[in-house]
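Topology and contacts: notes
Given next are the chains, with one letter for each unit.
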Amino acid sequence: MPELPEVETIVRELRTRLTRRRVESATVERADVVHGDPRPLDALIAGRLVKTVDRRAKRIIIELTRNLRLVFHLGMSGRLTIDDHDNPIAKHTHVRIGFGREIGELRFRDPRRFGGVWVLTDAGEYVGKRLGRLGPEPLELAAKGFRRILASRRQIKALLLDQSKIAGLGNIYTDEALYAAGVHPMTPADALVEPIAGQLLRAIKQTLRRAIRARGSTLMDYRTVDGQTGSFQRQHRVYGRTGQPCRKCGAPIERIIVAGRSTCFCPRCQPL
Ligand SMILES: [Zn+2]
């Protein structure tokens, strides 16, 4: 599942390629992935310019002129790519937004359909799935705000995965950040006092920044806008390394289930 670094990579590329470009057409192949304003997408957005492309948590927000936002969520298997108009259309491509010949076509493809696009206008009636509430951005979070989030008996991994508490982290970066801070994933959050809480916040930010520099981690579905893979998976310390030696202490990396999710950690570097 794409997490914050993968989505940030996509956003930066879309911003470079699409800002100030004019939408020429929109084609919806599957109406059930489109939520928000129910009016036909083509009539709504053709002719508008892209003002900005931004990210909020794992959401990609394309703001068009005259107060319309397209919010993409990639879910488990979603991809957002820019293809030449003539490229064959891959299976499970649900929405296509055409720009000029020299730009190409923005294509949203999502085989498992946990993602979608939200068309947000002031005038339109809202239909379909609602967008959930989001906690603060981890890269903008200060120590005080983080301590407030930690005031909970929940296991730290479960808390970090909860998008309404802190938004953008998923399974990969939670495991990597907990390892970097030496924190066991099942530790009750409110047991993390200073200096450990501060270490964990720094580890989260550093892990995310490094992953953004590597253009994210490609395990299965994630691709950049150009269809390239990310490379941060080569720097993973625990995620996907069950049974392999810890790079710090040599102990085999273990896999347990926390918060219903597969969780990798080093039993020696991350004692409970
Ligand atoms: Zn270790």
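What counts and what doesn't
Residues numbered from 1 in each chain as written. Predicted model: local features only at pLDDT ≥ 70, side-chain atom pairs only at ≥ 80, totals over all residues. Heavy atoms only, no water. Domains from an automatic or database assignment. Buried area = accessible area lost by both parts, 1.4 Å probe. Salt bridge = Lys/Arg side-chain N within 4 Å of Asp/Glu carboxyl O. Polar contact = N/O pair within 3.5 Å; in protein donor to acceptor, adjacent residues only side chain to side chain. Helix = DSSP H or I, 4+ residues; strand = E, 2+ residues; numbered from the N terminus. Nonpolar A, V, L, I, M, F, W, Y, C, P; charged D, E, K, R; others polar. Donors = N, O, S within 2.8 Å, 3.2 Å for Na, K, Ca; no water. Tetrahedral: all angles 85-135°; square planar, octahedral: opposite > 155°, others 65-115°. Buried < 20%, exposed > 50% of the residue type's maximum accessible area, 1.4 Å probe, protein only. Patch = residues over 30% accessible without salt bridge, like charges linked within 9 Å, V, L, I, M, F, W, Y side chains within 5 Å. Areas by Shrake-Rupley, 256 points an atom, 1.4 Å probe, with all protein chains shown as cover. Lys, Arg positive; Asp, Glu negative; His and termini not counted. Charge placed at Lys NZ, Arg CZ, Asp CG, Glu CD. Phe/Tyr/Trp six-rings, centres within 6.5 Å; stacked < 30°, edge-to-face > 60°. Lys NZ or Arg CZ within 6 Å of the ring centre and 35° of its normal. Core = buried A, V, L, I, M, F, W, Y, C linked by side-chain atoms within 4.5 Å. Contact = heavy atoms within 4.5 Å.

Observations regarding the domain arrangement of the protein chain
On domain assignment, one finds that the protein chain holds domain 1 (4–121) and domain 2 (138–265). Between the C-alpha centres of domain 1 and domain 2 there is a distance of 28 Å. Between domain 1 and domain 2 lies a buried interface of about 1600 Å² when both sides are counted; carbon and sulfur atoms form 61% of it. Between Asp226 and Arg17 there is a salt bridge, with the nearest N and O atoms lying 2.5 Å from each other. Remark: the boundary between domain 1 and domain 2 carries seven residue pairs in polar contact (both at pLDDT 80 or more). Mapped onto the side of domain 1 that touches domain 2, the elements with two or more residues apiece are helix 1 (4–18) and strand 6 (79–83). If one sorts the elements of the side of domain 1 that touches domain 2 by residue count, helix 1 sits on top with ten residues. Residue composition of the side of domain 1 that touches domain 2, by class: eight nonpolar, three polar and eight charged.

Thoughts on the coordination of the zinc ion
Bound to the zinc ion are the protein donor atoms Cys246 (SG), Cys249 (SG), Cys266 (SG) and Cys269 (SG), situated 2.2 to 2.4 Å from the metal. In this structure, the zinc ion is surrounded by four donor atoms whose angles at the metal cover 100 to 113°, and the resulting shape is tetrahedral. Along the chain, the residues that donate to the zinc ion are spaced as C-x2-C-x16-C-x2-C. Of this pair, Cys249 sits in the loop between helix 6 (196–213) and strand 10 (254–258) while Cys269 is found in the segment after strand 11 (261–265), placing the two residues 20 residues apart along the sequence.

As for unusual backbone geometry
Cis geometry is found at the peptide bond from Glu194 to Pro195, where omega equals 5°. Even without a glycine there, the phi angle at His92 is positive, about 70°. With respect to the element layout, His92 can be found in the loop between strand 6 and strand 7 (93–98). Look at His92 and you get partly exposed, because its relative accessible area is 33%.

Points about a positive patch on the surface
On the surface, a cluster of positive charge is contributed by Arg209, Arg210, Arg213, Arg237, Arg247 and Lys248. The topology assignment puts Lys248 in the loop between helix 6 and strand 10.

Thoughts on the packing of aromatic side chains
Applying the stated criterion across every chain yields a total of two aromatic pairs. Measuring from ring centre to ring centre gives 5.7 Å for Phe72 and Phe108, while their planes differ by 55°; the resulting arrangement is tilted. Here Phe72, found in strand 5 (residues 68–73), pairs with Phe108, found in strand 8 (residues 105–109); they are 36 residues apart in sequence, far enough to count as distant. The same class applies to Phe72 as to Phe108, namely buried. Positioned above the aromatic ring of Tyr126 is the side chain of Arg130, whose terminal nitrogen or guanidinium carbon lies 3.9 Å from the ring centre. One Lys or Arg, Lys248, reaches over the ring of Tyr179 and ends 4.6 Å from the middle of that ring.

As for the nonpolar core
Nonpolar side chains tend toward joint burial in soluble globular proteins. Ranked by size, the top nonpolar core spans 33 residues in total, and within it Leu14, Ile60 and Leu70 carry the most contacts. The leading source of residues in this core is helix 1, at five residues. Those residues in contact with Ile60, other than ones at most four positions away along the chain, are Val7, Ile10, Val11, Leu14, Val53, Asp54, Leu70, Val71, Phe72, Leu74 and Leu80. Counting residues in each nonpolar core, the second largest holds 28 residues, with Leu4, Leu141, Ile156 and Ala177 among its members.

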